[in-house]
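Listed below, chain by chain, are the residues.
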Amino acid sequence: MTNILISGASIAGTTTAYWLRRHGFTPTVVERAPAIRKGGYKVDVRGAALDVIERMGLLDAVRARGTDMRHATHYDAAGRPVATMDADLFGGRTGDDAEIMRGDLNELLYDLTRDDVEYIFDDTVTGIAEDGTVTFERSAPRRFDLVIGADGVHSVTRRLAFGPEERFRRDLGAHISISTVPNHLGLDREEAVHAAPGRTANVYSTRQDPTAKALFMWSSPSQTPGHRDPARQKELLAEAMAGVGWEVPALLEAVRRSDDFYFDSVSQIHMDRWSRGRVVLVGDAGYCASPASGQGTSLALVGAYVLAGELARHGVEGGGLDRYESVMRPFVAANQKLGPANLKGMVMGSRLAIRFQLFMIRLLPHLPGRDRMIERVAGAIHRAANAISLEDYKTVE
């Protein structure tokens, strides 16, 4: 088995392509977008995932492109600052992580693979036969030994091989939207936040970026609107945030003109199996932990590394897919637990809860043992990020 199709040039997809090529396979990546996706939002690479980045020789490059966030300031509806916390606290920093813009990370991974991996852009999978024959929207059919779905929470590969998304998606009761907007607040490596009951607005600017990102999160019904209808999604966002003060009206107007609009439910994917026949899933397609977990990128990196390594060591017929499942399951479970817990602090249901959170933020710098408290807050994230012992697959390269 050498000829492998990867559906999706995501973090999971490009990382899987890199490690498969290192192990002597011939991967092909098909991506719906016309080019590698740039931009996006800031993501964390933590624990075991940082080990994967280091083994790829990208650690220095990732740190060089780090966001360098300094602090986050909370504002009331009238625009008055009411609490500030430094990046160590709001980012859950533990010393074994790095924060980078998603597009920057994907560009680094693509540059690492573009010369020896076949990429097919502006196309997508439309069918997968039992013998491995894959049909595409634009390209002629081709036969592959294995198809890897790395095409995200709304995976086409998963739908074709396992069934409708609704069978596997668990909505956490919130939606999220992120867009690039002008930096009209003059932010410099900082976040500005306003919370209202059931709704949170956050705008931030990272290092060496003249623009800003506007992030909204709000409590909502479970049903997800069509994820390919941005006009309707912008209407729903405006409806959800109607009446919220601070800078929200100006940010919503900027989002209306944005051309990189992202909108989705805060959801997880739970499956009994990540493989069936000649198809296997990696990253969000198989085990999305939700944006609230902060661990989606790390799961993608580690999952890609383990999948490629087990395929190299055992193959499909020799139990490589079973080994991938057994190694990854505890790690996925630990990181998925973070999503619902973290969401409670991101979108609060009452003004009393908001006032209590702000009070604790103001109080924290004056408490003895502050560093120990920060370590305790970040402890759950740290444990989940390191809840796996990575094999060294060099012996099978």
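Residues numbered from 1 in each chain as written. Predicted model: local features only at pLDDT ≥ 70, side-chain atom pairs only at ≥ 80, totals over all residues. Heavy atoms only, no water.

Caption draft 1: Just unusual backbone geometry, in detail. With a phi angle near 60°, Asp122 is a residue other than glycine that sits in the positive phi range. In this structure Asp122 comes out as partly exposed when scored by relative accessible area, which is 35%. You will see that Trp246, though not glycine, has its phi angle at about 60°, which is positive. Considering the arrangement of structural elements, one finds Trp246 in the loop between helix 7 (230–240) and helix 8 (248–256). For Trp246, a relative accessible area of 13% puts it in the buried group. (Buried < 20%, exposed > 50% of the residue type's maximum accessible area, 1.4 Å probe, protein only. Helix = DSSP H or I, 4+ residues; strand = E, 2+ residues; numbered from the N terminus.)

Caption draft 2: Representation of the packing of helix 10 (residues 296–314) against helix 11 (residues 320–336). Contact pair helix 10 / helix 11: the axes reach a minimum separation of 8 Å and the direction vectors enclose 160°. The angle between the axes of helix 10 and helix 11 places the two elements in the roughly antiparallel class. With respect to the hand of their crossing, helix 10 and helix 11 are arranged in right-handed fashion. Contacts from Ser298, Leu299, Val302, Gly303, Val306, Leu307, Glu310, Leu311 and His314 in helix 10 reach Gly320, Leu321, Arg323, Tyr324, Val327, Met328, Phe331, Val332 and Asn335 in helix 11. By residue class, the composition of the contact of helix 10 with helix 11 is eleven nonpolar, five polar and two charged. (Axes fitted to C-alpha atoms, helices over the stretch in contact; angles between N-to-C directions. Parallel < 35°, antiparallel > 145°, perpendicular 65-115°, else oblique. Left-handed = near helix turned anticlockwise from the far one by under 90°. Contact = heavy atoms within 4.5 Å. Nonpolar A, V, L, I, M, F, W, Y, C, P; charged D, E, K, R; others polar.)

Caption draft 3: Structural context of the nonpolar core. Judged by nonpolar contacts, the single largest core of 76 residues is most densely connected at Ile148, Val282, Val302, Val306, Tyr324, Met328 and Ile388. For this core, the element with the most residues is helix 10, which contributes ten residues. Apart from residues no more than four positions distant in its own chain, Val282 is found in contact with Ala12, Thr16, Ile148, Gly149, Ala150, Tyr287, Gly303, Ala304, Leu307 and Tyr324. Counting 23 residues, the second largest nonpolar core, distinct from the first, contains Val181, Phe216, Ala240 and Phe263. (Core = buried A, V, L, I, M, F, W, Y, C linked by side-chain atoms within 4.5 Å.)

Caption draft 4: Expanded view of the packing of helix 11 against helix 12 (residues 338–346). The contact between helix 11 and helix 12 brings their axes to 5 Å, and the two run at 15°. The angle between the axes of helix 11 and helix 12 places the two elements in the roughly parallel class. Residues Ala334, Asn335 and Gln336 of helix 11 lie in contact with helix 12, whose contacting residues are Leu338, Gly339 and Pro340. Considered class by class, the residues forming the contact of helix 11 with helix 12 number three nonpolar, three polar and no charged.

Caption draft 5: Looking closely at the pairing of strand 5 (residues 81–86). Where strand 4 (residues 71–75) meets strand 5, five bridges bridge the pair, whose relative direction is antiparallel. Directly across from His71, in strand 5, lies its bridge partner Asp86. A loop of five residues connects strand 4 with strand 5, the two strands running antiparallel in sequence, and Gly79 in this loop sits at a positive phi of about 90°. (Pairing = 2+ DSSP bridges.)

Caption draft 6: Inspection of the sheet that holds strand 4 at higher detail. Ordered by their spatial adjacency, seven strands build an open sheet running 5-4-13-14-15-12-16, and the pairing between neighbours is mixed. In this open sheet, the two strands that pair with only one neighbour each are strand 5 and strand 16 (262–269). Along the sheet, successive strands turn relative to each other by an average axial angle of 20°, direction set aside. Here strand 13 (residues 190–196) runs beside strand 14 (residues 199–205); their pairing, made up of seven bridges, is antiparallel. Bridge assignment links Glu191 to a residue of strand 14, and that residue is Tyr204. Helix 12 contacts strand 12 (169–182), strand 14, strand 15 (211–219) and strand 16 of the sheet and is inclined by roughly 50° relative to strand 12. Across the sheet, helix 13 (residues 351–363) lies against strand 4, strand 5 and strand 13, angled at about 55° from strand 5, the strand it touches most.

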